[in-house]
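Structural description and commentary
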Amino acid sequence: MTKGKSIHALIILMFTQFISGGVTNTKGIVLDQVEKDLGLDMSEFGLVVFIFQLGFTLASVVIGYYTDKKGLRTMTIIGAIIMGLGFLGTGLAPNIMFFLGFYMIVGFGLGALGVASNAIIPAAYPKKQNQMFNFAMGVYGLGMVLFPQFLNYMFQFASWRYFYIGIAVSLVAVIIYITSVAFPSGKAEKIDLKAFIPMLKDAQFVFLMIFLVFQVSAEVSFMNFFPTYLKSLDLGGMSTADKEDMVATILSVFSIFFMAGRLGVAYLTNWINERIILITFSAGALLMVGASFLVAENFPYLFAGAGLFFSTLFPTATAFGTQLSKTGGSALGLIYIAAGIGGGIAGYIIGLASEAFGMAGGFSIVIIFLALMFITTFFLNSKKSTQTQA
């Protein structure tokens, strides 16, 4: 691997992680603007979240196979094209039906680029994978921190449409760059469908999938519906503009905690096993979000602290799952499926509940997801896995 190829791969990795982190953390802020522009109700809002997660999950499961067959450069370009078309379509969408269709394409594109990015690191930096994965998480977190502030400023004078169209234009530059430079060859981990059978027969892996359904349900619900929930509160008669400023600040601080938590726990795993981390941080997330609800009117900034506890749950659960299987790619496939089910169903449930019981009633379902997630952690024990014993 030449130094030039590694540098080019690093540039693409940084860009994709920055965009992914920023877009993921601002879906709720953007959808709040879309709600005003296209007139979608909360049940349709939930359907948008479901559609996005469906596209993301399909890409996460399918793209790895084609990356192995067609090569890293080709699939990175295809992922960028798909995401660019999705953002362009959503930015130009004249009504909610067009928006829904293209938003699924956005989700698919983000999932595709995520798979490609994860394949870039071992291909370009085989001897520095841990450091580069941590670096990638840092860049992802930087996008999470900066995008809410940028959008809050931008929405004072420009439509959300310019944001999505701007991302589409930037992806054109990425495609031109990838096609014109030397690029590493790499493969994503294969998914063997036959390997699903023993994993689904293993109670530990089934418990893990249940945990992930509730964990991703809680995280996706929080990230997507928090802006609308906070703006529905009175907050001492605060203006809508001031509430939007507060939402952006809380999400940015949430992201700082999120980034710090992921980087910190990466080192904790050297001394503490995954089960203890999952139990501890699940309890912390439940307590933090529950306490934040109780003082939401007086101290809404407390919600930001949940970022610390959410941060490590998915990567730690992923590590737990891949250790239960001899085929890491297949384990990741099932993990992404469970995550997609959780994220999609949660968005739809909270959307319907918000329509029926108001934003506070709908958003409070996050606590139920967190409680069920916490209970599930007590059933996780890798020593009881039929696969690790085999």
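One can find the structure itself at the top, above this paragraph.
Parameters at a glance
- Residues numbered from 1 in each chain as written.
- Predicted model: local features only at pLDDT ≥ 70, side-chain atom pairs only at ≥ 80, totals over all residues.
- Heavy atoms only, no water.
- Helix = DSSP H or I, 4+ residues; strand = E, 2+ residues; numbered from the N terminus.
- Buried < 20%, exposed > 50% of the residue type's maximum accessible area, 1.4 Å probe, protein only.
- Contact = heavy atoms within 4.5 Å.
- Phe/Tyr/Trp six-rings, centres within 6.5 Å; stacked < 30°, edge-to-face > 60°.
- Lys NZ or Arg CZ within 6 Å of the ring centre and 35° of its normal.
- Axes fitted to C-alpha atoms, helices over the stretch in contact; angles between N-to-C directions.
- Parallel < 35°, antiparallel > 145°, perpendicular 65-115°, else oblique.
- Left-handed = near helix turned anticlockwise from the far one by under 90°.
- Nonpolar A, V, L, I, M, F, W, Y, C, P; charged D, E, K, R; others polar.
- Salt bridge = Lys/Arg side-chain N within 4 Å of Asp/Glu carboxyl O.

Looking now at the overall build of the protein. Looking only at helices and strands, the protein has 15 helices and 0 strands in total. Out of the 390 residues in the protein, the part that is buried amounts to 55%. For the protein, long-range pairs separated by at least 24 residues make up 84% of all intrachain contacts whose partners lie at least 6 apart in sequence.

The next subject is the packing of aromatic side chains. All told, the structure shown has 29 aromatic pairs when counted by the stated rule. Consider the rings of phenylalanine 293 and phenylalanine 363, whose centres lie 5.5 Å apart with planes at 45 degrees: the pair is tilted. In this pair, phenylalanine 293 is assigned in helix H10 (residues 274–294) and phenylalanine 363 in helix H13 (residues 328–363), connecting sequence segments 70 residues apart. The pair formed by phenylalanine 293 and phenylalanine 363 is uniform in burial state, with each residue classed as buried. The structure contains a cluster of three or more aromatic residues connected by ring pairs, namely Phe18, Phe52, Phe56, Phe87, Phe99, Tyr103, Phe147, Trp160, Phe163 and Tyr164. In this structure, lysine 27 is placed above the aromatic ring of phenylalanine 52, and the distance from its NZ or CZ to the ring centre is 4.5 Å.

As for its placement among the helices and strands, threonine 318 is situated in helix H12 (residues 313–323). Discounting residues that sit within four places of it in the chain, threonine 318 has contacts with Leu332 and Ile335.

Next up on the list: the packing of helix H8 (residues 203–232) against H12. Running from N to C, H8 and H12 cross one another at 165 degrees; their axes reach a closest spacing of 11 Å. By the criterion of interaxial angle, the relationship of H8 to H12 is roughly antiparallel. Where H8 crosses over H12, the handedness of that crossing is left-handed. Taken together, the residues of H12 that come into contact with H8 (itself represented by Gln204, Phe205, Leu208, Phe211, Leu212, Gln215 and Val216) are Leu313, Phe314, Ala317, Phe320 and Gly321. When the residues that make up the contact of H8 with H12 are grouped by side-chain class, the tally is 9 nonpolar, 3 polar and no charged.

Next up on the list: unusual backbone geometry. Positive phi values are uncommon outside glycine, yet leucine 235 reaches one of about 50 degrees. Tracing the sequence through the fold places leucine 235 in the loop between H8 and helix H9 (240–268). Residue classification places leucine 235 among the buried positions, given a relative accessible area of 9%.

This part takes up the packing of helix H3 (residues 72–92) against helix H6 (residues 160–180). Axis separation between H3 and H6 bottoms out at 8 Å; the angle between their running directions is 160 degrees. Our classification of the angle between H3 and H6 gives roughly antiparallel. Along this stretch, H3 crosses H6, giving a crossing that reads as left-handed. Of the residues in H6, those in contact with Arg73, Thr76, Ile77, Ala80, Ile81, Met83, Gly84, Phe87, Leu88, Thr90, Gly91 and Leu92 of H3 are Trp160, Arg161, Tyr164, Ile165, Ile167, Ala168, Leu171, Ile175, Ile178 and Thr179.

Our focus in this paragraph is the pattern of salt bridges. Under the definition given, this model contains 4 salt bridges. Salt-bridge contacts for lysine 36 lead to glutamate 244; the nearest nitrogen and oxygen are separated by 3.2 Å. Of this pair, lysine 36 sits in helix H1 (residues 3–38) while glutamate 244 sits in helix H9, placing them 208 residues apart in sequence. With a shortest N-O distance of 3.1 Å, glutamate 244 and lysine 231 are connected by a salt bridge. You can see glutamate 244 sitting in helix H9 and its partner lysine 231 sitting in helix H8, a full 13 residues away along the chain. Classification of glutamate 244 as partly exposed rests on a relative accessible area of 21%. A relative accessible area of 16% places lysine 231 in the buried class.

These figures come from the coordinates and say nothing about function on their own.
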